[in-house]
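What follows is the residue order along each chain.
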Amino acid sequence: MTDDIQVVPQQVSILIVDDLAIVRLSLRHILTKAGYRCREAEDVAAALAMLDGDAIDLILCDIQMPGASGLDLVKAIKPRIPDTSVVMVSSLEDAETAIECLQQGAFGYVLKPYQPREILVQVNSALRRRMLEIAFRDREAQLAQKVREQTLEIRESREEIAIRLIAASEHRDLATGMHV
C-alpha cells in the first residue's frame, strides 16, 4: 500500500512563510521549478488569513519572525487544519527547538543555508507522510464502519433466533408440550 502513494507536485499547494523576501523567493524558485504551486506570506497573521481561504497541503515556515513565531503557527493550525504538513526552515541550529517543532506537529526541520535538494526531499517526505496518515485514517474509518455493520447484523440475527425460539415454545402438543 505504501508504494502506491506518490506525490504529484502539480496537485500540491505550498505556503511559504518567512519574513525575508529573499528567502521566500528562493524557496518559491526551488519549489515551482519542481512543479509545486506556491503562495507566500511574510508573517504568521498573513499565513493564517490565507489558510482560512485556501486549501494548503504544506507550509514551509521560518521559526524566527517578528510578532508570532513559526512555532506559534504550527500550534495554531494543528487543531484547525490537521491535514496540513509543516516543514520548519530555520537558521537556528538548536536541537531543543527542532524537537519542540516536531513534537508540536512539524514534519521536518531544515537548517539555513539549505540546498535545493534538501528542501525537495523534506517537502516530498512530509507530503508522503501526510498522505499515508490520511490513507490510514480513512482505512480505519472504513474498518470501524464495517465493524458497526457486522455488529448490527449479528445483533439482528440473535434477535431473530430469540423470536423464533419464543414462537416455537408457544407451539405445544400433548406429547411434547411439557418438554418444551
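Look a little higher up for the structure.
Summarised in this report is the structure supplied together with it. (Residues numbered from 1 in each chain as written. Predicted model: local features only at pLDDT ≥ 70, side-chain atom pairs only at ≥ 80, totals over all residues. Heavy atoms only, no water.)

### Here we look at the nonpolar core
No. 1: Of all hydrophobic cores here, the largest spans 23 residues; its most connected members are Leu15, Val17, Leu51, Ile59, Leu73 and Met88.
No. 2: Ranked by the residues each element gives to this core, the list is headed by helix H2 (residues 44-53), at five residues.
No. 3: Those residues in contact with Met88, other than ones at most four positions away along the chain, are Cys61, Asp62, Ile63, Gly70, Leu71, Val74, Cys101, Ala106, Gly108, Tyr109 and Val110.
No. 4: Membership of the second largest hydrophobic core comes to 20 residues, among which are Ile30, Tyr36, Leu58 and Val123. (Core = buried A, V, L, I, M, F, W, Y, C linked by side-chain atoms within 4.5 Å. Buried < 20%, exposed > 50% of the residue type's maximum accessible area, 1.4 Å probe, protein only. Helix = DSSP H or I, 4+ residues; strand = E, 2+ residues; numbered from the N terminus. Contact = heavy atoms within 4.5 Å.)

### Quick notes on the packing of H2 against helix H3 (residues 70-80)
No. 1: Closest axis-to-axis distance for the H2/H3 pair is 11 Å, and the angle between their directions is 15 degrees. Taken together, the axes of H2 and H3 lie roughly parallel to each other. Where H2 crosses over H3, the handedness of that crossing is right-handed. On H3, the residues touching Val44, Ala47, Leu48, Leu51 and Asp52 of H2 are Leu73, Ala76, Ile77 and Arg80.
No. 2: Residue classes in the contact of H2 with H3 are distributed as seven nonpolar, no polar and two charged. (Axes fitted to C-alpha atoms, helices over the stretch in contact; angles between N-to-C directions. Parallel < 35°, antiparallel > 145°, perpendicular 65-115°, else oblique. Left-handed = near helix turned anticlockwise from the far one by under 90°. Nonpolar A, V, L, I, M, F, W, Y, C, P; charged D, E, K, R; others polar.)

### Some words on the sheet that holds strand E4 (residues 85-90)
No. 1: One open sheet accounts for five strands, arranged E2-E1-E3-E4-E5; its pairing is parallel. Looking at which strands have only one partner, the edges of the open sheet turn out to be strand E2 (37-41) and strand E5 (108-111). Averaged over all adjacent pairs, the angle separating strand axes in this sheet is 20 degrees, with direction ignored.
No. 2: Strand direction decides the pairing type here: E4 and E5, joined by four bridges, are parallel. Within E5, the residue paired with Val89 across the bridge is Val110. (Pairing = 2+ DSSP bridges.)

### Re the pattern of salt bridges
No. 1: Evaluated as defined, the whole model comprises eight salt bridges.
No. 2: Glu40 is paired through a salt bridge with Arg28; the nearest N and O atoms lie 2.9 Å apart. Here Glu40 is found in strand E2, whereas its partner Arg28 is found in helix H1 (residues 21-33), with twelve residues between them in sequence.
No. 3: For Glu40, a relative accessible area of 25% gives the class partly exposed.
No. 4: Here the salt bridges do not stand alone but share partners, grouping Asp18, Asp62 and Lys112 into one network. (Salt bridge = Lys/Arg side-chain N within 4 Å of Asp/Glu carboxyl O.)

### Observations concerning a nonpolar patch on the surface
No. 1: On the surface, a cluster of nonpolar side chains totalling about 310 Å² of accessible area is made up of Leu20, Ile22 and Leu25.
No. 2: Here Leu25 lies in helix H1. (Patch = residues over 30% accessible without salt bridge, like charges linked within 9 Å, V, L, I, M, F, W, Y side chains within 5 Å. Areas by Shrake-Rupley, 256 points an atom, 1.4 Å probe, with all protein chains shown as cover.)

### Observations regarding a negative patch on the surface
No. 1: Judged by side-chain charge, Glu149, Glu153, Glu156 and Glu159 come together as a negatively charged surface patch.
No. 2: As for its placement among the helices and strands, Glu159 is situated in helix H5 (residues 116-170). (Lys, Arg positive; Asp, Glu negative; His and termini not counted. Charge placed at Lys NZ, Arg CZ, Asp CG, Glu CD.)

### Some thoughts on the side chain of Asp62
No. 1: Turning to its location among the elements, Asp62 is positioned in strand E3 (residues 58-62).
No. 2: Among residues more than four places away in sequence, those in contact with Asp62 are Val17, Asp18, Asp19, Gly70, Met88, Val89, Ser90 and Lys112.

### Side note on unusual backbone geometry
No. 1: Cis peptide bonds are those with omega within 30 degrees of zero, and the linkage from Lys112 to Pro113 qualifies with -5 degrees.
No. 2: Secondary-structure assignment places Pro113 in the loop between E5 and H5.

### A look at the environment of Glu159
No. 1: Given the relative accessible area of 46%, Glu159 is considered partly exposed.
No. 2: Between the alpha carbons of Glu159 and Met50 there is a distance of 54 Å; along the sequence they are 109 residues apart.

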